[in-house]
Amino acid sequence: MSFFGFEERTLERGKDRRSEQDEDLAVYTWGEENYDGLGDALQEDHDDLNDETFGAAGELGKDFDFSNQALPDRNNFTRSANAIVEDRPPQSSTPLTLESIWDDKSPFSLRLNGSNRTQLPRGESPAISSQHRQQSGIRTLQEIEAEMRVSADQSRQEALLQQRQQQYYLEQQRLQQQQQKQREEEELLLRQEEEREFQRQRLLYQQEQAQQLHLQRFQQQQQLLQQREQHQHRRTPPPRMLPVSQSPRFMEHQQRQILLLQHQQEQQQLLRLQQLQEQLRVEELERQLRSQHISSVTPDRQPSGPTLADMEALQHQQLRQQSQSPATRSGPHRPAPLEDSLPYLPQSIQLQQRLLSEMAQAEFLREMQGLSQADQEALRVEAMRKILEAEKMEEKRRRKAAKIAHMSRYNDLMTQSDKDFITRIQVSQLVSQDPYADDFYAQVYGAIVRSRMGLSADDERVLKFGASGGVALGAPTKGGNRRPNAMQRMQQQVERIVSNARKREEEKGLHSLHSLQGALGKTSGRSYKAAPRQLLQVDSNSAPSSSPTLSHAQPHAHISKADSISKSSSEAAANAARIGRETLDNGETLVRMEPLTQREILVTLENMYDLVLNVEQLRRDQPHPEDGEEVLEQWSQDFDKLVDQMWTQLKVMLPLATSTPHPFISLLSAAKGKKILPRVTRHFDQQRMNTLLTLLIACFSQLDIISHAALLDTLEDTPERADVERQTQAFLSSVLQSILPIIVKGNLRLVCGLVGLLMHGQDIVAIAKSRPGLALLTLFLTRVEVIKEGEVDEIPTQEDFAQWQLMFDHLFQLLTPEFPLLFPSTRMAEHLPRDQPHINIPGIDSLDQPVWQFLAALALQASSTQHQILVSSLREKVLDNVLSAKRGWVVDEEDRSTKLANVDLFLHALGLDSSQITM
Amino acid sequence: MDGSSSGIQEPFDLIRLSLSERVFVKLRGDREMTGILHAYDGHMNLILSDVEETIMIVNEGEQATVNVAKRKMDMLFVRGDGVILVSPPSRT
């Protein structure tokens, strides 16, 4: 049942269910000012059978028949005062006088004090009411009600009619205003030429005709609109989760009531004016009707015209039109009650008027030949364009308004607490113990993005809440003004959640489970221990090699010993020292180990990754200096411990001869072992790095990429070759990158020692034939060149230079017979079919480039005799390149320039140029 | 080196060892593949790169023959429900 929208009959029917009715009626504000007086129209004359029920006898004797149930249950009557109106007891037999009925506080009697009633008989014509009372006590109420009903109906009818007229008038005015506006627009267009004056009048006449047409149409439209409105209001309201008092619909309802009140006040004034004459008329009527029974004037049998219900429905329609949109709630005084329907009107009007004006213009043009045709045409086009533009704008605006109206249906459907609740649910899913790790990839990505944008990469996008957890915020987003606000709100939400959770935790702590333990009796204590008996009892610590996962791993006991060594750094260090000593004494006895198996390598690397991740996390958690000495101390201890563990795991400290390949080199054989090295070495100090570098160089030929380098020279594309290629790339990008800073900063003595190590007991030619080895040698040579040019802090001594010269001569001598074979192109050519040795291998020149670079670096260091050796051994290669470049035996221009650039790289170091070579 | 010191507590830890290594994967529907393992999850969904897939096509008939089809893919997501086994490739 919609508020105030019900019809009286419903009320009447509902009277039987009075308790329900009371509930519903309780919503109405009885006796208050905004009471609408609907109750006045109630038909409450169930008195027809009173005589039969109570006996028509005027006088009551004293001989009551108590056993007979002739009368209605008196107890029932007295029990509820509210029942009075319905029960309608005979006045003579009740202690209640008429006066007491008047003063009755029941809702139905209170109604008498209702707003519409205040002007009615009670105060103004006491004579009448008293007269009624004297004449026939029972009928008085009835009569008065009937009178009042009649008068109310009439006045309301009149008021409504007035209102309708008013509205109609308003609408007409509005229409005229609009047309005025249109006319003005057209005036603008037409004013440009005086000649159009009379045309305008003609147009106006046409418009007026059209206007009348519009008026008719408008009325039809209005009816349609009203129907539409009614239809709209029959829609079911959206579901709501709230008590009525919080719902926005309730607000709307209240608003509507206020509007209703205002409306009624206006009505009341009208009523009051009519009151006096009305009063007179009513008295007259009463006198006439006294002999008849008045019950024939019930609303059901209203003779003609719209019924009260109809009128009320109309009123409500109008009211709804006013209060329909929530957006207009703030302004209850809307001057235009029909604004909602406006968007539908101007369109047709505009259209018609535009047509009219076009017609008029066409006619005008036909008549007015004096004006130049072009001007007129231009004018017309301009006008058309303007009109179209305006229409387009209007269309746009209307669409926008419709969209907003459509969306605003759900405005304020949820209260702030609802939203908070839902946000809490959503956010609670995001809280985690380790927000950084849970959001790891987004965090890392965000750091990369920030560093790319040049911002500080330090700040983490994580909300933290003490030690208990936090929320990861993901990668940063660009701009967005909504974001910070939402973030703030979320932060508050999460803080609330976390504090709530803590509180709950504390409460749990207080009322711990202990208080309930044993409350339901004791358990035997044995039943839950009845696990199946263990048949095998294996001590997992004593027999490591018996582990099923490792049964094949190490047949030798000393490996597990070596592993146990690695468990703690102190032990390992001691052991290493011991091993070192023993190696000096007797290299044969203990030190030799089997090389690490693939499995061991992988397991070690996985541990390594765990350690690296821990260290990186620890670095992020680095305490601030103001956190206090102890915290810092503790942190650096933890950090050092982890770094020590990494150092031990890398097995760098194991003696060189431990195994072939050395365990550390074995670790580097896996691609992920190569890739982890830069992440590990970042945390090592200079001392450790030097050690690591020395070991790497000393065991360089053991590296998989050196021993498998020959595979890269094959031409067919096998999986093995692809794998070596992958490993080589990983080595160049990771391992060399991590040792690069050491070499670049190293002094001549260090470089000298490292080159010596490379040549000592290792196949330097094999190393030089691999890409990483060649890169390393080039690195050494360029470093020495830099040192020689004196761009270093530490000037090397003469001895160091002499030492270096020795080393260099030795290197040169070792490499001399292999110079042409250093080129991948030369080596690959050996795999080419015999009959076509000059086939072009794509990309071969870029593969040769590092070799040319190395040779150039070599030439820079070399003496003049060494220069001659270089030139004579490489003469063929140089000529070959220059020839193929100049004779056009190349795929494209790029290929040619690469060839020449490669040759020049080397020749420039000798002080020559490829252009000096003539064929 | 026993389970606890090597960090192996469950079968999946063995697969973890093969991360960023080449693995051999046997699949339902007579398929096998080798590729570099980049990621896996509890469903044995796998991300492989540089994959070579081998499909056995069995021709039923009087003389049952097996045709082998191979194809290569740069990157592949393998849904876990088809995985029968994951192992390091045999080293020869």
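All of these numbers come straight from a predicted model, not from anything done at the bench.

Draft legend 1. Spotlight on the overall build of chain A. Secondary structure assignment for chain A yields 36 helices and 3 strands. Within chain A, residue pairs in contact and separated by at least 24 positions form 75% of the contacts whose partners lie at least 6 positions apart. Surface accessibility of chain A: about 54,900 Å² in total, with carbon and sulfur atoms responsible for 53%.

Draft legend 2. Local environment of the environment of B:R16. Mapped onto the secondary structure, B:R16 falls in helix α2 (residues 11-17). For B:R16, a relative accessible area of 23% gives the class partly exposed. In this structure the C-alpha to C-alpha distance between B:R16 and B:D41, which are 25 residues apart in sequence, comes to 9.9 Å. A polar contact is formed between the side chain of B:R16 and the side chain of A:E606, at a distance of 2.8 Å.

Draft legend 3. How the structure looks around the sheet that holds strand β4 (residues 65-78) of chain B. Residues and elements named next belong to chain B. Pairing within the open sheet is antiparallel, and its 5 strands lie in the order β4-β3-β2-β1-β5. The open sheet has two edge strands, β4 and β5 (83-87), and neither has a second partner. If you compare each strand with its neighbour and ignore which way they point, the axes differ by 25° on average. Judged from the 6 bridges that link them, strand β1 (residues 22-27) and strand β2 (residues 31-40) form a sheet pairing that is antiparallel. Paired with R22 across the two strands is I36, which belongs to β2.

Draft legend 4. Quick peek at the packing of helix α34 (residues 844-861) of chain A against helix α35 (residues 864-886) of chain A. Residue and element names in this part refer to chain A. In the contact formed by α34 and α35, the axes pass within 12 Å of each other and the chain directions differ by 155°. One way to sum up the angle between α34 and α35 is to call them roughly antiparallel. Regarding α34 and α35, the two cross each other, and that crossing is left-handed. Between α34 and α35, the residues in contact are D848, W852, L855, L858 and A859 and H867, L870, L874, K877, V878 and N881, respectively. Tallied by class, residues from the contact of α34 with α35 come to 7 nonpolar, 2 polar and 2 charged.

Draft legend 5. Representation of a positive patch on the surface in the model. A cluster of like positive charges, contributed by A:K396, A:R399, A:K400 and A:K403, occupies part of the molecular surface. With respect to the helices and strands, the residue A:R399 is situated in helix α15 (residues 373-407).

Draft legend 6. Representation of the nonpolar core in the model. Membership of the largest hydrophobic core comes to 90 residues, with the highest contact counts inside it found for A:L650, A:F664, A:W804, A:L855 and A:F906. Among the nonpolar cores identified, the runner-up in size contains 13 residues, and B:I15, B:L27, B:L37 and B:V83 belong to it.

Draft legend 7. Quick peek at unusual backbone geometry. A cis amide bond links A:T660 with the next residue in sequence, A:P661, at an omega value of -5°. By the element assignment, A:P661 lies in the loop between α23 (629-650) and α24 (663-667). Here B:D30, not a glycine, exhibits a phi torsion of approximately 55°, which is positive. Within the element layout of this structure, B:D30 appears in the loop between β1 and β2.

Draft legend 8. Spotlight on the packing of aromatic side chains. Residues and elements named next belong to chain A. One pass over the full model with this rule turns up 10 aromatic pairs over all chains. Both rings, one in F808 and one in F812, keep their centres 6.1 Å apart while their planes meet at 40°; by these two values the pair is tilted. Here the residue F808 and the residue F812 both occupy positions in helix α32 (residues 798-815), the gap between them amounting to 4 residues, near one helical turn. The class for F812 is buried, based on a relative accessible area of 3%. Judged by centre distance (5.9 Å) and plane angle (45°), the ring pair of W852 and F906 falls under tilted. One end of the pair, W852, is in helix α34; the other, F906, is in helix α36 (residues 893-910), and 54 residues separate them in sequence. Looking at F906, the relative accessible area reads 1%, which means it is buried. The ring of F823 has K877 sitting right over it, with the charged end atom 5.2 Å from the ring centre.

Draft legend 9. Structural view of the pairing of β1(B). Residue and element names in this part refer to chain B. Along β1, the buried face is formed by V23, V25 and L27; none of R22, F24 and K26, which line the opposite face, is buried. A loop of 3 residues connects β1 with β2, the two strands running antiparallel in sequence, and G29 in this loop sits at a positive phi of about 80°. Taken together, the 4 bridges between β1 and β5 define a ladder with antiparallel strand orientation. For K26, the partnering residue across the bridge sits in β5 and is L85.

Draft legend 10. Structural context of the packing of helix α29 (residues 748-759) of chain A against helix α31 (residues 771-788) of chain A. All names here are of chain A. Two numbers describe how α29 lies on α31: the axes approach to 10 Å, and their chain directions differ by 155°. For the element pair α29 / α31, the angle class is roughly antiparallel. The interaxial crossing formed by α29 with α31 has left-handed handedness. In this structure, α29 contributes L748, V751, L754, V755 and L758 to the contact, and α31 contributes L776, L777, F780, R783, V784 and I787. Grouping the constituent residues of the contact of α29 with α31 by class yields 10 nonpolar, no polar and 1 charged.

Draft legend 11. Region of interest: the confidence of the model for chain A. Averaged over every residue, the pLDDT of chain A is 70; residues scoring 70 or more account for 56%. Contacts of residues 542-590 of chain A to residues separated by more than four positions or lying in other chains number 45 contacts, the stretch itself having pLDDT below 50.

Draft legend 12. Representation of a nonpolar patch on the surface in the model. All names here are of chain A. A grouping of M414, F421, I422 and I425 is seen on the molecular surface, where their side chains present a nonpolar patch of about 340 Å² in accessible area. With respect to the secondary-structure elements, I422 resides in helix α16 (residues 416-428). Judged by relative accessible area, I422 falls into the partly exposed class, the value being 37%.

Conventions and cut-offs
- Residues numbered from 1 in each chain as written.
- Chains lettered and ligands numbered in written order.
- Predicted model: local features only at pLDDT ≥ 70, side-chain atom pairs only at ≥ 80, totals over all residues.
- Heavy atoms only, no water.
- Helix = DSSP H or I, 4+ residues; strand = E, 2+ residues; numbered from the N terminus.
- Contact = heavy atoms within 4.5 Å.
- Areas by Shrake-Rupley, 256 points an atom, 1.4 Å probe, with all protein chains shown as cover.
- Buried < 20%, exposed > 50% of the residue type's maximum accessible area, 1.4 Å probe, protein only.
- Polar contact = N/O pair within 3.5 Å; in protein donor to acceptor, adjacent residues only side chain to side chain.
- Pairing = 2+ DSSP bridges.
- Axes fitted to C-alpha atoms, helices over the stretch in contact; angles between N-to-C directions.
- Parallel < 35°, antiparallel > 145°, perpendicular 65-115°, else oblique.
- Left-handed = near helix turned anticlockwise from the far one by under 90°.
- Nonpolar A, V, L, I, M, F, W, Y, C, P; charged D, E, K, R; others polar.
- Patch = residues over 30% accessible without salt bridge, like charges linked within 9 Å, V, L, I, M, F, W, Y side chains within 5 Å.
- Salt bridge = Lys/Arg side-chain N within 4 Å of Asp/Glu carboxyl O.
- Lys, Arg positive; Asp, Glu negative; His and termini not counted.
- Charge placed at Lys NZ, Arg CZ, Asp CG, Glu CD.
- Core = buried A, V, L, I, M, F, W, Y, C linked by side-chain atoms within 4.5 Å.
- Phe/Tyr/Trp six-rings, centres within 6.5 Å; stacked < 30°, edge-to-face > 60°.
- Lys NZ or Arg CZ within 6 Å of the ring centre and 35° of its normal.
- pLDDT = per-residue confidence, 0-100.

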